[in-house]
Amino acid sequence: LEENLMPPPRRRAKQAVERNVVADIAACSEVFAAMGSVAEPVAIASAAFAELAERAWQQGGGGLGDSSASVLAAATRATFEATSQALRERWPLLQSLDEVCGAAPATDTTPSALATASESGGGAMASAVLAALAVLGKRLEPSFSVAAVGAGESPDEAMLAHSRASRAVAVLAEYVEGLPSLANCAPMVEDPTLWVHCCRDSADGSTQALPWALLHEVAVFVIWRPMQDDAMALVPPTQGNIKPSEAVLVAESNAKKLMQLPSTWARYLEDKGGSRLVAVWLACVDATCEAYWKKWDALVDTFENTLKSRASEGSMSDGSIDAGLLNECMQLHSMLHDNISVQFLSCQLHVLQLATRMRESPETPLGRALEEKLRGPDAWCDRLAVPSAEALRGASSLLQGLGPEHVALTTQATKALPLSTAALGKVVGQVRALVTRCCVQPIVTMLSAYAEAHEWVAQSSSDVLPLAGGRSPLPSITAVGEHLFALMPLLERPQEGSHKQVQWLPSILDGIVETVTQKVLNIRQLTPNGAQQLIADLEYLHKVTEALGSDSSGSPSPSAAGGAAAGAAWRLGETLGALGFLAAQQRRQQECAAKGEAFIEAPREGTPAPRRVEKALRAALGLAPAVGLA
């Protein structure tokens, strides 16, 4: 019976919506209410608006299969115009449906009411508008579903990227213009919660006011891609015949230009009407700067290759310092550590100020739609994932509760741009290590034949160099000490006060101690006299590193500089202690063998030497491996 009775009122209700006859829709609503289908008229009205949007899309050129920016913009504009006109003409009819269904317009327009308005229904008007917007989104989505263009793209891919950027900008502009035409309808103005309902996707996601595909294209091609293009144009030069010192100056100038670009990027997004995508903007700034700092690897590699080239060419064969290269490396480090890193801290604050300003910009219909779309960061960050879900969550969390004048803005700024901060720190660390290698490389040359010295297998004291009161260190070892003291004037930095070598000395001592230790571990055989010669060498180096380490401890930051330098001396002393103990055991072993007695190694007191050190020394001295080292 119901199947026979329902079609006539459905047809009449549809005709009433299309012809905008309030009396007819009211009569049909009463019939549906009597049959227990109160929501049927609203569904019919929504379907009518969806059909209207579909016709407008087709008539605007959207059905021609052309996905160019101009065609998509024209079809989108036509859909908005037809929907807004229908809404202006039929809002009394839609309101009459709400009256029949018992929906009353909201009177509370406070922010809290607006934030929770969409939890309950939206009435016929919101349903009709959302139905039309959903049709528009579904028609646009296929045009935005092309796979993203990656780095190293071919010319054809570059053209595709340009086309996608044009489409995203054009369609976004139509949404910026079209949504206000809907939101400014009289009932929407009287009841702001109606627009909130219009902007909220259905629970199952089948009906969307703003399609995810459009937001993804906007995030990639309106926000992120222009940033990438600007930043990559400022990458430090590494090709051609540019001198390292000139490359450093150009790199510094370009880095300063990069840190001025966020203002331009913010204005661009504001001009496009996407201020409420500020969390995406902040995450993309971070990802862009991170990629930029990673490009500095090529500049660092240029210096690395220069160092390797000069070492292989024999320019450091006599152990001399390449003062020119060292100065250029220190210039690069000074620029990054003392200038760029400090300015980047100001850039972090500026970026956060720009983000909070955009976040507090006046609300627009598109802005409200974006807020509703991006509610619940756990969901939308994973769905959008540009530049990454984790980056979006971090940016969204940082902006929560912050305003342009918030007292915590300065302290929170240190948390902004975490990826780029880490990338810049890595570059500074790479250059610091480069300076250290410039200082240590001559030591490597000096000790190239150290492990094969004939003194290690000397059988009598006449085969080694005498010294009043003991043995003399080998010339290659004394050259190490002379090299260290010769480095001091080159490492001076006037702006750091009287202890100018402190910044570099700890890492240099670490590198030298590691180089010497490795050479010691490469010695294959040590006679008792050879062991005594090695002890003399290590004692000399230990005194030098101790002296330099204690000098470092007078620095303004002893825990960072002097402590590290003293640590190098401690590690060398650790090896020296192990060698002294094992050399004594070697002598006892030989004495026991001469007497025909069994040798039992004496227990060692104190901290044991590192495993690799003790194992190598025992092998060279001819001692049995200790328990656990075999």
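All figures in this text were calculated on a predicted structure; none of them were measured in a lab.

Student: Hey, could you go over the packing of helix α2 (residues 7–19) against helix α3 (residues 22–34) for me, with residue numbers and the actual values?
Tutor: The N-to-C vectors of α2 and α3 enclose an angle of 150°; their axes lie 8 Å apart at closest approach. In terms of their interaxial angle, α2 and α3 are classed as roughly antiparallel. The element α2 and its partner α3 pack so that their crossing is left-handed. In this structure, α2 uses P9, R10, R12, A13, A16 and V17 to contact α3, whose residues at the interface are D24, I25, C28, V31 and F32.

Student: So what's going on with the nonpolar core? Which residues, and what values?
Tutor: Membership of the largest hydrophobic core comes to 180 residues, with the highest contact counts inside it found for L94, W281, W293 and W296. It is helix α16 (residues 323–359) that provides the largest number of residues to this core, a total of 15 residues. One finds A50, A53, A131 and A132 within the second-largest nonpolar core, a separate group that totals five residues.

Student: Describe the pattern of salt bridges, with residues and values.
Tutor: With the rule as written, the count across this model stands at 24 salt bridges. Where E372 meets R200, a salt bridge forms, and the shortest distance between an N and an O atom there is 2.5 Å. Highlighted residues: E372 in helix α17 (residues 365–373) and R200 in the loop between α10 (193–199) and α11 (212–232), separated in sequence by 172 residues. Comparing E372 with R200, the two get one shared label, buried. Among the salt bridges present, the one from R368 reaches E363, with a minimum N-O distance of 3.7 Å. Residue E363 is classed as partly exposed on the basis of its relative accessible area of 47%. Through salt bridges with shared partners, one network takes in R200, R276, E363, R368, E371, E372 and R375.

Student: Kindly report on the packing of aromatic side chains, identifying the contributing residues and their values.
Tutor: This model, assessed by the stated rule, comprises six aromatic pairs. On the basis of an interplanar angle of 85° and a centroid distance of 5.1 Å, the ring pair of F80 and Y175 is categorised as edge-to-face. Here the residue F80 occupies a position in helix α5 (residues 69–101), and Y175 occupies one in helix α8 (residues 155–183), the gap between them amounting to 95 residues. For the pair F80 and Y175, a shared accessibility class is recorded, and that class is buried.

Student: Kindly report on the side chain of S96, identifying the contributing residues and their values.
Tutor: Structurally, the position occupied by S96 is in helix α5. Within the structure, S96 has its side chain in polar contact with the backbone oxygen of L93 (distance 2.4 Å). Once residues within four sequence positions are removed from consideration, S96 is found in contact with V22 and I25.

Student: Lay out α17 with the relevant residues and their values.
Tutor: Within α17, eight of the nine residues are buried, which leaves it mostly tucked inside the rest of the structure. Of the positions making up α17, those classed as buried are P365, L366, G367, R368, A369, L370, E372 and K373.

Student: Help me get a handle on the packing of helix α4 (residues 40–59) against helix α7 (residues 123–140), residues and values and all.
Tutor: In helix packing, the relevant descriptors are the interaxial angle and the interaxial distance, both defined with respect to the helix axes. In contact at an axis separation of 8 Å, α4 and α7 are set at 35° when each is read in the N-to-C sense. Judged by the sense of rotation from one axis to the other, the crossing of α4 with α7 is right-handed. Residues V42, S46, F49, A50, A53, E54 and W57 of α4 form the contact with α7, whose own contacting residues are A124, S127, A128, A131, A132, V135, L136, R139 and L140. Its residues assigned to classes, the contact of α4 with α7 comprises twelve nonpolar, two polar and two charged.

Student: Describe in detail unusual backbone geometry, supporting the description with residues and values.
Tutor: Backbone torsion omega between V386 and P387 reads 5°, so that peptide bond is classified as cis. Its location among the elements puts P387 in the loop between α18 (377–384) and α19 (389–399). The backbone phi angle of N20 is positive, close to 60°, even though this residue is not glycine. With respect to the helices and strands, the residue N20 is situated in the loop between α2 and α3. For A385, which is not a glycine, the phi torsion comes out positive at approximately 55°. Here A385 lies in the loop between α18 and α19.

Student: Provide a residue-level description of the confidence of the model for the chain, including the pertinent values.
Tutor: Here the chain averages 84 in pLDDT, and 86% of its residues register 70 or above. When mean pLDDT is taken per element in the chain, helix α14 (residues 278–294) scores highest with 97 and helix α6 (residues 111–116) scores lowest with 37. Here residues 103–120 is modelled with pLDDT under 50, and outside its nearest four sequence neighbours on either side it reaches 26 contacts, counting other chains as well. Every residue in residues 147–154 scores below 50 in pLDDT, and together they form ten contacts with partners more than four places removed in sequence or on other chains.

Analysis parameters
- Residues numbered from 1 in each chain as written.
- Predicted model: local features only at pLDDT ≥ 70, side-chain atom pairs only at ≥ 80, totals over all residues.
- Heavy atoms only, no water.
- Axes fitted to C-alpha atoms, helices over the stretch in contact; angles between N-to-C directions.
- Helix = DSSP H or I, 4+ residues; strand = E, 2+ residues; numbered from the N terminus.
- Parallel < 35°, antiparallel > 145°, perpendicular 65-115°, else oblique.
- Left-handed = near helix turned anticlockwise from the far one by under 90°.
- Contact = heavy atoms within 4.5 Å.
- Core = buried A, V, L, I, M, F, W, Y, C linked by side-chain atoms within 4.5 Å.
- Buried < 20%, exposed > 50% of the residue type's maximum accessible area, 1.4 Å probe, protein only.
- Salt bridge = Lys/Arg side-chain N within 4 Å of Asp/Glu carboxyl O.
- Phe/Tyr/Trp six-rings, centres within 6.5 Å; stacked < 30°, edge-to-face > 60°.
- Polar contact = N/O pair within 3.5 Å; in protein donor to acceptor, adjacent residues only side chain to side chain.
- Nonpolar A, V, L, I, M, F, W, Y, C, P; charged D, E, K, R; others polar.
- pLDDT = per-residue confidence, 0-100.

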